[in-house]
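Chain by chain, the residues:
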Amino acid sequence: MHVLVINAGSSSLKYEYIDTDTRKTLCSGLADRIGLPGSSLVHRVYTEAGTTEQISQKNFPDHTAAMQEAVTLLTRGQHPVVHHPEAVKAIGHRVVHGGEAYTHTVLINDAVKADIRRLSPLVPLHNPANLQGIAVAEAFFPQARHIAVFDTAFHQTMPARAYRYAIPNELYEKQGIRSFGFHGISHAYVSREAAHHLGNPGARIITLHLGNGCSMAAVQNGRSIDTSMGLGALDGLIMGTRSGQLDPTVIFYLTETLGYKPGQVRHLLNKESGLKGLSGFSDMREVHRAADAGEKEARLALDMYAYRIKKFIGAYIAAMNGVDALVFTAGVGENDAAMRAQICSDLDFFGIRLDRTRNEQKSSELREIQISGALPLLVVPTREELAIAVETARLITDHDENP
Ligand SMILES: Nc1ncnc2c1ncn2[C@@H]1O[C@H](COP(=O)(O)OP(=O)(O)O)[C@@H](O)[C@H]1O
Ligand SMILES: CC(=O)OP(=O)(O)O
Ligand SMILES: [Mg+2]
(Lines give C-alpha, C1' and ligand atoms only; values in the text may rest on other atoms or scores of the structure.)
(Ligands and ions follow the chains in the order given, each with its own letter.)
Protein backbone atom coordinates (compact mmCIF):
# COMPACT_ATOMS: atom_id res chain seq x y z
CA MET A 1 0.00 0.00 0.00
CA HIS A 2 1.14 3.57 -0.66
CA VAL A 3 0.74 5.77 2.40
CA LEU A 4 1.35 9.50 2.80
CA VAL A 5 2.62 10.19 6.32
CA ILE A 6 2.25 13.62 7.85
CA ASN A 7 4.11 14.84 10.93
CA ALA A 8 3.08 18.42 11.62
CA GLY A 9 5.08 20.40 14.17
CA SER A 10 4.45 23.89 15.50
CA SER A 11 6.46 25.53 12.72
CA SER A 12 7.24 22.60 10.46
CA LEU A 13 5.52 20.08 8.25
CA LYS A 14 7.25 16.80 7.45
CA TYR A 15 5.85 14.24 5.05
CA GLU A 16 6.88 10.96 3.46
CA TYR A 17 5.20 8.92 0.77
CA ILE A 18 5.95 5.29 1.55
CA ASP A 19 5.37 1.95 -0.15
CA THR A 20 4.67 -0.28 2.85
CA ASP A 21 5.21 -3.49 0.84
CA THR A 22 8.84 -2.64 0.04
CA ARG A 23 9.33 -0.35 3.11
CA LYS A 24 10.77 2.19 0.66
CA THR A 25 10.24 5.94 0.87
CA LEU A 26 9.26 7.26 -2.57
CA CYS A 27 9.54 10.89 -1.61
CA SER A 28 9.86 13.03 1.49
CA GLY A 29 9.62 16.67 2.36
CA LEU A 30 10.26 19.15 5.12
CA ALA A 31 8.80 22.62 5.27
CA ASP A 32 10.21 24.63 8.13
CA ARG A 33 9.97 28.12 9.60
CA ILE A 34 6.25 28.11 8.67
CA GLY A 35 4.80 31.52 9.55
CA LEU A 36 8.28 33.03 9.92
CA PRO A 37 10.39 34.93 7.41
CA GLY A 38 12.63 32.71 5.29
CA SER A 39 10.49 29.58 5.28
CA SER A 40 11.30 26.91 2.72
CA LEU A 41 10.31 23.44 1.60
CA VAL A 42 12.81 20.74 0.65
CA HIS A 43 11.21 17.98 -1.40
CA ARG A 44 13.21 14.83 -2.22
CA VAL A 45 12.30 12.06 -4.62
CA TYR A 46 14.06 8.69 -4.34
CA THR A 47 14.34 6.55 -7.45
CA GLU A 48 16.53 3.69 -8.63
CA ALA A 49 18.64 6.29 -10.41
CA GLY A 50 19.27 8.25 -7.22
CA THR A 51 17.83 11.12 -5.19
CA THR A 52 16.59 14.37 -6.67
CA GLU A 53 15.97 17.43 -4.57
CA GLN A 54 13.72 20.40 -5.24
CA ILE A 55 13.88 23.38 -2.90
CA SER A 56 11.05 25.86 -2.77
CA GLN A 57 12.00 29.14 -1.11
CA LYS A 58 8.47 30.55 -0.96
CA ASN A 59 7.12 32.12 2.18
CA PHE A 60 4.61 29.87 3.87
CA PRO A 61 2.35 31.94 6.11
CA ASP A 62 0.69 28.77 7.46
CA HIS A 63 0.53 24.96 7.17
CA THR A 64 -2.07 25.23 4.38
CA ALA A 65 0.36 27.14 2.18
CA ALA A 66 3.13 24.64 2.89
CA MET A 67 0.82 21.71 2.12
CA GLN A 68 -0.32 23.36 -1.11
CA GLU A 69 3.30 23.52 -2.22
CA ALA A 70 3.91 19.91 -1.16
CA VAL A 71 0.91 18.76 -3.22
CA THR A 72 2.18 20.74 -6.20
CA LEU A 73 5.61 19.09 -5.97
CA LEU A 74 4.11 15.63 -5.39
CA THR A 75 1.90 15.87 -8.47
CA ARG A 76 3.67 18.29 -10.78
CA GLY A 77 7.28 18.57 -9.58
CA GLN A 78 10.36 17.62 -11.56
CA HIS A 79 9.62 13.97 -10.73
CA PRO A 80 5.92 13.58 -9.94
CA VAL A 81 5.25 10.73 -7.54
CA VAL A 82 1.47 10.77 -7.83
CA HIS A 83 -0.38 12.02 -10.86
CA HIS A 84 -3.36 13.49 -9.10
CA PRO A 85 -4.19 14.17 -5.41
CA GLU A 86 -7.02 11.59 -5.79
CA ALA A 87 -4.39 8.86 -6.22
CA VAL A 88 -3.48 9.25 -2.53
CA LYS A 89 -5.82 6.86 -0.69
CA ALA A 90 -4.24 6.50 2.76
CA ILE A 91 -2.80 9.18 5.01
CA GLY A 92 -1.19 8.47 8.38
CA HIS A 93 -0.86 11.33 10.86
CA ARG A 94 1.47 11.40 13.85
CA VAL A 95 -0.61 12.62 16.79
CA VAL A 96 1.39 13.24 19.93
CA HIS A 97 -1.24 12.98 22.70
CA GLY A 98 -4.08 10.46 22.60
CA GLY A 99 -4.71 10.25 26.35
CA GLU A 100 -6.06 7.04 27.87
CA ALA A 101 -8.73 6.54 25.22
CA TYR A 102 -6.37 5.77 22.37
CA THR A 103 -4.33 2.65 22.96
CA HIS A 104 -4.30 1.93 19.22
CA THR A 105 -4.31 3.53 15.80
CA VAL A 106 -7.72 4.86 14.69
CA LEU A 107 -9.55 6.22 11.69
CA ILE A 108 -9.93 9.98 12.19
CA ASN A 109 -13.48 11.31 12.56
CA ASP A 110 -14.99 14.34 14.31
CA ALA A 111 -14.99 12.65 17.73
CA VAL A 112 -11.29 11.77 17.40
CA LYS A 113 -10.48 15.35 16.42
CA ALA A 114 -12.46 16.65 19.40
CA ASP A 115 -10.42 14.39 21.71
CA ILE A 116 -7.13 15.55 20.18
CA ARG A 117 -8.28 19.16 20.72
CA ARG A 118 -9.31 18.46 24.33
CA LEU A 119 -5.78 17.16 25.08
CA SER A 120 -4.06 20.16 23.47
CA PRO A 121 -3.40 22.09 26.72
CA LEU A 122 -1.20 19.18 27.87
CA VAL A 123 1.05 19.34 24.81
CA PRO A 124 0.77 22.93 23.54
CA LEU A 125 3.72 22.51 21.15
CA HIS A 126 2.28 19.41 19.49
CA ASN A 127 -1.47 18.56 19.38
CA PRO A 128 -2.59 21.93 17.96
CA ALA A 129 -0.08 21.53 15.13
CA ASN A 130 -1.16 17.91 14.56
CA LEU A 131 -4.80 19.07 14.25
CA GLN A 132 -3.75 21.68 11.73
CA GLY A 133 -1.93 19.01 9.72
CA ILE A 134 -5.08 16.86 9.72
CA ALA A 135 -7.31 19.78 8.64
CA VAL A 136 -4.99 20.74 5.82
CA ALA A 137 -4.59 17.16 4.59
CA GLU A 138 -8.36 16.56 4.73
CA ALA A 139 -8.88 19.65 2.58
CA PHE A 140 -6.34 18.55 -0.04
CA PHE A 141 -7.13 14.84 0.03
CA PRO A 142 -10.87 14.57 0.82
CA GLN A 143 -11.14 11.15 -0.81
CA ALA A 144 -8.33 9.58 1.27
CA ARG A 145 -8.72 7.75 4.56
CA HIS A 146 -7.01 9.64 7.39
CA ILE A 147 -5.54 7.65 10.25
CA ALA A 148 -4.14 8.85 13.60
CA VAL A 149 -1.11 7.07 15.05
CA PHE A 150 -0.47 8.20 18.64
CA ASP A 151 2.83 8.81 20.41
CA THR A 152 1.17 7.86 23.70
CA ALA A 153 -0.33 4.52 22.59
CA PHE A 154 2.76 2.33 23.08
CA HIS A 155 3.09 3.42 26.73
CA GLN A 156 -0.48 2.46 27.63
CA THR A 157 0.90 -0.90 28.81
CA MET A 158 2.65 0.76 31.78
CA PRO A 159 1.47 -0.53 35.16
CA ALA A 160 -0.30 1.89 37.51
CA ARG A 161 2.73 2.01 39.83
CA ALA A 162 4.64 3.63 36.95
CA TYR A 163 2.00 5.96 35.52
CA ARG A 164 0.25 7.27 38.65
CA TYR A 165 1.35 10.43 40.46
CA ALA A 166 1.23 10.41 44.26
CA ILE A 167 -1.50 13.05 44.44
CA PRO A 168 -5.08 12.53 45.71
CA ASN A 169 -6.83 9.67 43.90
CA GLU A 170 -9.73 11.75 42.67
CA LEU A 171 -7.37 13.83 40.52
CA TYR A 172 -6.69 10.66 38.59
CA GLU A 173 -10.18 9.21 38.77
CA LYS A 174 -12.12 12.40 37.96
CA GLN A 175 -9.57 14.52 36.09
CA GLY A 176 -7.40 11.87 34.46
CA ILE A 177 -4.13 13.31 35.74
CA ARG A 178 -1.46 10.65 35.23
CA SER A 179 1.72 10.08 33.29
CA PHE A 180 1.37 9.08 29.62
CA GLY A 181 4.79 9.22 27.98
CA PHE A 182 5.56 10.12 24.37
CA HIS A 183 7.77 9.20 21.38
CA GLY A 184 5.99 5.84 21.59
CA ILE A 185 6.08 5.32 17.82
CA SER A 186 9.88 5.58 17.98
CA HIS A 187 10.37 3.58 21.21
CA ALA A 188 8.17 0.80 19.79
CA TYR A 189 9.95 0.72 16.44
CA VAL A 190 13.54 0.74 17.73
CA SER A 191 12.88 -1.71 20.57
CA ARG A 192 11.26 -4.13 18.10
CA GLU A 193 14.22 -3.82 15.71
CA ALA A 194 16.62 -4.38 18.63
CA ALA A 195 14.74 -7.43 19.97
CA HIS A 196 14.73 -8.90 16.47
CA HIS A 197 18.47 -8.23 16.12
CA LEU A 198 19.13 -9.88 19.49
CA GLY A 199 16.89 -12.82 18.57
CA ASN A 200 15.14 -12.33 21.90
CA PRO A 201 11.51 -11.14 21.86
CA GLY A 202 11.47 -11.08 25.67
CA ALA A 203 14.54 -8.83 25.95
CA ARG A 204 14.72 -6.09 28.58
CA ILE A 205 15.62 -3.01 26.54
CA ILE A 206 16.26 0.59 27.53
CA THR A 207 15.54 2.90 24.59
CA LEU A 208 17.01 6.41 24.48
CA HIS A 209 15.19 8.70 22.02
CA LEU A 210 17.44 11.78 21.97
CA GLY A 211 16.18 14.34 19.45
CA ASN A 212 14.87 17.84 20.04
CA GLY A 213 12.45 16.25 22.43
CA CYS A 214 14.12 13.50 24.49
CA SER A 215 12.73 10.55 26.39
CA MET A 216 13.70 7.07 27.56
CA ALA A 217 11.64 3.93 27.96
CA ALA A 218 12.03 0.60 29.73
CA VAL A 219 10.70 -2.09 27.40
CA GLN A 220 10.20 -5.67 28.49
CA ASN A 221 8.67 -8.41 26.32
CA GLY A 222 7.91 -5.76 23.69
CA ARG A 223 5.85 -3.69 26.14
CA SER A 224 6.66 -0.30 27.62
CA ILE A 225 6.75 -0.61 31.39
CA ASP A 226 8.05 2.88 32.20
CA THR A 227 9.04 6.06 30.44
CA SER A 228 10.54 9.41 31.37
CA MET A 229 7.91 11.85 30.07
CA GLY A 230 4.63 12.38 31.90
CA LEU A 231 1.23 14.08 31.65
CA GLY A 232 2.81 16.29 29.00
CA ALA A 233 6.13 16.26 27.15
CA LEU A 234 8.12 18.25 29.73
CA ASP A 235 9.22 15.68 32.30
CA GLY A 236 12.37 13.58 32.44
CA LEU A 237 15.42 14.28 30.34
CA ILE A 238 17.00 17.63 29.48
CA MET A 239 15.92 18.55 25.92
CA GLY A 240 16.71 21.17 23.29
CA THR A 241 14.50 23.84 24.86
CA ARG A 242 12.56 21.90 27.54
CA SER A 243 13.67 21.58 31.15
CA GLY A 244 12.93 17.95 31.89
CA GLN A 245 12.30 17.03 35.53
CA LEU A 246 12.36 19.69 38.21
CA ASP A 247 10.90 20.19 41.66
CA PRO A 248 7.39 21.75 41.28
CA THR A 249 8.51 24.26 43.91
CA VAL A 250 10.36 26.02 41.08
CA ILE A 251 6.94 26.78 39.53
CA PHE A 252 5.44 28.09 42.78
CA TYR A 253 8.49 30.28 43.32
CA LEU A 254 8.29 31.69 39.79
CA THR A 255 4.56 32.47 40.05
CA GLU A 256 4.09 33.40 43.70
CA THR A 257 7.37 35.12 44.52
CA LEU A 258 8.74 36.34 41.18
CA GLY A 259 5.33 37.20 39.68
CA TYR A 260 5.43 35.06 36.55
CA LYS A 261 2.08 34.45 34.85
CA PRO A 262 1.20 30.77 34.10
CA GLY A 263 1.66 31.35 30.36
CA GLN A 264 5.14 32.79 30.98
CA VAL A 265 6.11 29.73 33.02
CA ARG A 266 4.80 27.48 30.27
CA HIS A 267 6.87 29.36 27.70
CA LEU A 268 9.96 29.37 29.93
CA LEU A 269 9.89 25.61 30.55
CA ASN A 270 8.95 24.65 26.97
CA LYS A 271 10.93 27.10 24.88
CA GLU A 272 13.67 28.76 26.91
CA SER A 273 15.01 25.95 29.07
CA GLY A 274 16.94 22.73 28.46
CA LEU A 275 20.20 23.05 26.49
CA LYS A 276 19.11 26.50 25.30
CA GLY A 277 18.56 27.83 28.81
CA LEU A 278 21.88 26.43 30.00
CA SER A 279 24.16 27.16 27.05
CA GLY A 280 22.30 29.56 24.75
CA PHE A 281 22.00 26.85 22.04
CA SER A 282 19.21 24.32 21.57
CA ASP A 283 20.99 22.45 18.76
CA MET A 284 23.33 19.82 20.18
CA ARG A 285 25.96 20.45 17.48
CA GLU A 286 26.21 24.09 18.55
CA VAL A 287 26.44 23.13 22.21
CA HIS A 288 29.43 20.91 21.36
CA ARG A 289 31.08 23.67 19.33
CA ALA A 290 30.68 26.10 22.23
CA ALA A 291 32.00 23.56 24.76
CA ASP A 292 34.97 22.75 22.51
CA ALA A 293 35.68 26.49 22.30
CA GLY A 294 35.94 26.57 26.09
CA GLU A 295 32.51 27.91 27.09
CA LYS A 296 31.92 26.61 30.61
CA GLU A 297 28.12 26.88 30.44
CA ALA A 298 28.03 24.66 27.36
CA ARG A 299 30.32 22.11 29.06
CA LEU A 300 28.01 22.06 32.08
CA ALA A 301 24.96 21.64 29.80
CA LEU A 302 26.55 18.52 28.25
CA ASP A 303 27.49 17.16 31.67
CA MET A 304 23.96 17.68 32.99
CA TYR A 305 22.39 16.16 29.86
CA ALA A 306 24.49 12.98 30.16
CA TYR A 307 24.17 12.75 33.95
CA ARG A 308 20.35 12.89 33.81
CA ILE A 309 20.35 10.06 31.26
CA LYS A 310 22.72 7.94 33.38
CA LYS A 311 20.34 8.22 36.32
CA PHE A 312 17.43 6.97 34.20
CA ILE A 313 19.55 4.06 32.96
CA GLY A 314 20.12 3.07 36.59
CA ALA A 315 16.42 3.49 37.38
CA TYR A 316 15.28 1.32 34.48
CA ILE A 317 17.81 -1.41 35.21
CA ALA A 318 16.28 -1.51 38.69
CA ALA A 319 12.73 -1.47 37.27
CA MET A 320 13.46 -4.52 35.08
CA ASN A 321 15.88 -6.27 37.46
CA GLY A 322 18.49 -6.17 34.70
CA VAL A 323 18.91 -5.14 31.10
CA ASP A 324 19.71 -6.95 27.83
CA ALA A 325 20.48 -3.95 25.61
CA LEU A 326 20.62 -0.17 25.45
CA VAL A 327 19.34 1.44 22.25
CA PHE A 328 20.35 4.93 21.07
CA THR A 329 18.13 6.68 18.54
CA ALA A 330 17.00 10.06 17.02
CA GLY A 331 19.24 12.99 16.01
CA VAL A 332 21.61 12.97 19.00
CA GLY A 333 21.36 9.24 19.75
CA GLU A 334 22.16 8.25 16.16
CA ASN A 335 24.82 10.83 15.34
CA ASP A 336 26.55 12.12 18.44
CA ALA A 337 29.38 9.70 19.25
CA ALA A 338 30.84 12.02 21.89
CA MET A 339 27.55 12.18 23.80
CA ARG A 340 27.07 8.41 23.58
CA ALA A 341 30.57 7.99 25.02
CA GLN A 342 29.85 10.41 27.85
CA ILE A 343 26.55 8.67 28.69
CA CYS A 344 28.22 5.23 28.74
CA SER A 345 31.27 6.29 30.74
CA ASP A 346 31.65 4.89 34.25
CA LEU A 347 28.74 2.49 33.94
CA ASP A 348 30.96 -0.62 33.81
CA PHE A 349 29.30 -1.84 37.02
CA PHE A 350 26.31 -2.66 34.74
CA GLY A 351 28.48 -4.28 32.04
CA ILE A 352 28.15 -1.14 29.89
CA ARG A 353 31.42 -0.77 27.97
CA LEU A 354 31.61 1.16 24.74
CA ASP A 355 34.08 0.33 21.95
CA ARG A 356 35.63 3.65 20.90
CA THR A 357 36.25 2.69 17.28
CA ARG A 358 32.83 1.14 16.72
CA ASN A 359 31.21 4.14 18.38
CA GLU A 360 32.89 6.56 15.96
CA GLN A 361 31.84 4.64 12.82
CA LYS A 362 28.99 6.18 10.85
CA SER A 363 26.19 4.15 9.31
CA SER A 364 22.50 4.45 8.58
CA GLU A 365 21.95 0.83 9.63
CA LEU A 366 21.44 -0.77 13.03
CA ARG A 367 24.85 -1.40 14.62
CA GLU A 368 26.53 -2.57 17.84
CA ILE A 369 29.01 -0.27 19.55
CA GLN A 370 30.05 -2.23 22.69
CA ILE A 371 33.33 -4.07 23.19
CA SER A 372 33.00 -7.80 22.59
CA GLY A 373 31.44 -9.67 25.49
CA ALA A 374 29.90 -6.54 27.04
CA LEU A 375 26.20 -5.59 27.26
CA PRO A 376 24.82 -4.92 23.73
CA LEU A 377 24.78 -1.18 23.04
CA LEU A 378 22.88 -0.56 19.80
CA VAL A 379 22.45 2.43 17.55
CA VAL A 380 19.11 1.97 15.77
CA PRO A 381 18.04 4.68 13.31
CA THR A 382 14.42 5.46 14.07
CA ARG A 383 11.92 5.44 11.23
CA GLU A 384 8.84 6.96 12.78
CA GLU A 385 7.32 7.69 9.36
CA LEU A 386 7.72 4.08 8.23
CA ALA A 387 6.18 2.86 11.49
CA ILE A 388 3.22 5.23 10.97
CA ALA A 389 2.80 4.05 7.38
CA VAL A 390 2.84 0.39 8.40
CA GLU A 391 0.25 1.01 11.17
CA THR A 392 -1.92 2.97 8.74
CA ALA A 393 -1.81 0.20 6.12
CA ARG A 394 -2.57 -2.42 8.78
CA LEU A 395 -5.62 -0.54 10.06
CA ILE A 396 -6.99 0.00 6.56
CA THR A 397 -6.49 -3.66 5.62
CA ASP A 398 -8.24 -4.76 8.86
CA HIS A 399 -11.15 -2.41 8.15
CA ASP A 400 -11.53 -3.61 4.60
CA GLU A 401 -11.40 -7.27 5.62
CA ASN A 402 -13.77 -6.84 8.60
CA PRO A 403 -16.02 -3.94 7.61
N1 LIG B 1 26.01 14.84 13.97
C2 LIG B 1 25.35 15.27 15.04
N3 LIG B 1 25.97 15.44 16.22
C4 LIG B 1 25.33 15.88 17.30
N5 LIG B 1 24.01 16.17 17.32
C6 LIG B 1 23.32 16.01 16.18
C7 LIG B 1 23.95 15.57 14.98
N8 LIG B 1 22.99 15.52 14.02
C9 LIG B 1 21.82 15.92 14.61
N10 LIG B 1 22.04 16.22 15.90
C11 LIG B 1 21.08 16.75 16.88
O12 LIG B 1 19.85 16.07 16.86
C13 LIG B 1 18.83 16.95 17.37
C14 LIG B 1 17.61 16.84 16.49
O15 LIG B 1 17.18 15.53 16.51
P16 LIG B 1 15.93 15.03 15.65
O17 LIG B 1 15.68 13.62 16.01
O18 LIG B 1 16.18 15.35 14.23
O19 LIG B 1 14.82 15.99 16.22
P20 LIG B 1 13.26 16.11 16.07
O21 LIG B 1 12.77 15.89 17.47
O22 LIG B 1 13.04 17.50 15.59
O23 LIG B 1 12.80 15.04 15.10
C24 LIG B 1 19.45 18.35 17.38
O25 LIG B 1 19.81 18.69 18.71
C26 LIG B 1 20.70 18.17 16.55
O27 LIG B 1 21.73 19.02 16.94
C1 LIG C 1 6.58 14.46 22.16
C2 LIG C 1 7.79 15.16 21.68
O3 LIG C 1 8.57 15.65 22.46
O4 LIG C 1 7.98 15.17 20.36
P5 LIG C 1 9.16 15.91 19.56
O6 LIG C 1 10.44 15.28 19.97
O7 LIG C 1 8.81 15.66 18.12
O8 LIG C 1 9.10 17.36 19.95
MG1 LIG D 1 11.96 13.37 15.54
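In this text, all values refer to a predicted model and were calculated from it rather than measured experimentally. (Residues numbered from 1 in each chain as written. Chains lettered and ligands numbered in written order. Predicted model: local features only at pLDDT ≥ 70, side-chain atom pairs only at ≥ 80, totals over all residues. Heavy atoms only, no water.)

1. Focus: helix α10 (residues 284-292)
Move 1: By the burial criterion, the buried members of α10 are M284, V287, H288, A290 and A291. For α10, the angular spread of the buried residues around the axis is 165°, confining them to a single face. Among the exposed residues of α10, those pointing more than 90 degrees away from its buried face are R285, R289 and D292.
Move 2: Just downstream of α10, G294 is the residue with a positive phi angle, here 100°. (Buried < 20%, exposed > 50% of the residue type's maximum accessible area, 1.4 Å probe, protein only. Helix = DSSP H or I, 4+ residues; strand = E, 2+ residues; numbered from the N terminus. Arc of directions from axis to C-beta.)

2. Comments concerning the site of ligand 1
Move 1: Surrounding ligand 1, one finds K14, G211, N212, G213, D283, M284, R285, A330, G331, V332, N335 and D336.
Move 2: Within the side chain of K14, one N or O atom sits 3.4 Å away from an oxygen atom of ligand 1.
Move 3: In this structure, an oxygen atom belonging to ligand 1 sits 3.4 Å away from a main-chain N or O atom of R285.
Move 4: Burial of ligand 1 by the surrounding chains reaches 71%, relative to a free accessible area of 580 Å².
Move 5: Among the secondary structure elements, those contributing two or more residues to the shell around ligand 1 are α10 and α12 (330-335).
Move 6: The dominant element in the shell around ligand 1, judged by the number of residues it contributes, is α12, at four residues.
Move 7: For the shell around ligand 1, the residue count by class is three nonpolar, five polar and four charged. (Near = heavy atom within 4 Å. Polar contact = N/O pair within 3.5 Å; in protein donor to acceptor, adjacent residues only side chain to side chain. Areas by Shrake-Rupley, 256 points an atom, 1.4 Å probe, with all protein chains shown as cover. Nonpolar A, V, L, I, M, F, W, Y, C, P; charged D, E, K, R; others polar.)

3. Here we look at the UniProt feature "binding site: Mg(2+)" (unreviewed entry) in the protein chain
Move 1: The positions that UniProt labels "binding site: Mg(2+)" (unreviewed entry) are, in the present scheme, N7 and E384. The greatest C-alpha distance among the annotated residues, which extend across 378 residues, is 9.4 Å, indicating that they converge on a single site.
Move 2: Along the polypeptide, N7 turns up in strand β1 (residues 2-8).
Move 3: Position of E384 relative to the elements: it lies in helix α15 (residues 384-401).
Move 4: Residues within four places of E384 in sequence aside, it is in contact with R94, I185, S186 and H209. (UniProt positions renumbered as here; feature names shortened; annotations may be inferred. Contact = heavy atoms within 4.5 Å.)

4. Quick look at the domain arrangement of the protein chain
Move 1: Domains assigned within the protein chain are domain 1 (2-150) and domain 2 (200-379).
Move 2: Computed over C-alpha atoms only, the centres of domain 1 and domain 2 are separated by 28 Å.
Move 3: Facing seven residues of domain 1, the contacting portion of domain 2 comprises seven residues.
Move 4: Across the interface of domain 1 and domain 2, roughly 530 Å² is buried in total on both sides, 67% from carbon and sulfur atoms.
Move 5: Together, L122, P124 and L125 form the three largest contributors to the area buried by domain 1 at its contact with domain 2, with a combined 66%.
Move 6: If you look at where domain 1 meets domain 2, you find zero salt bridges.
Move 7: In this structure, the connection of domain 1 to domain 2 is made through one residue pair in polar contact (both at pLDDT 80 or more). (Domains from an automatic or database assignment. Buried area = accessible area lost by both parts, 1.4 Å probe. Salt bridge = Lys/Arg side-chain N within 4 Å of Asp/Glu carboxyl O.)

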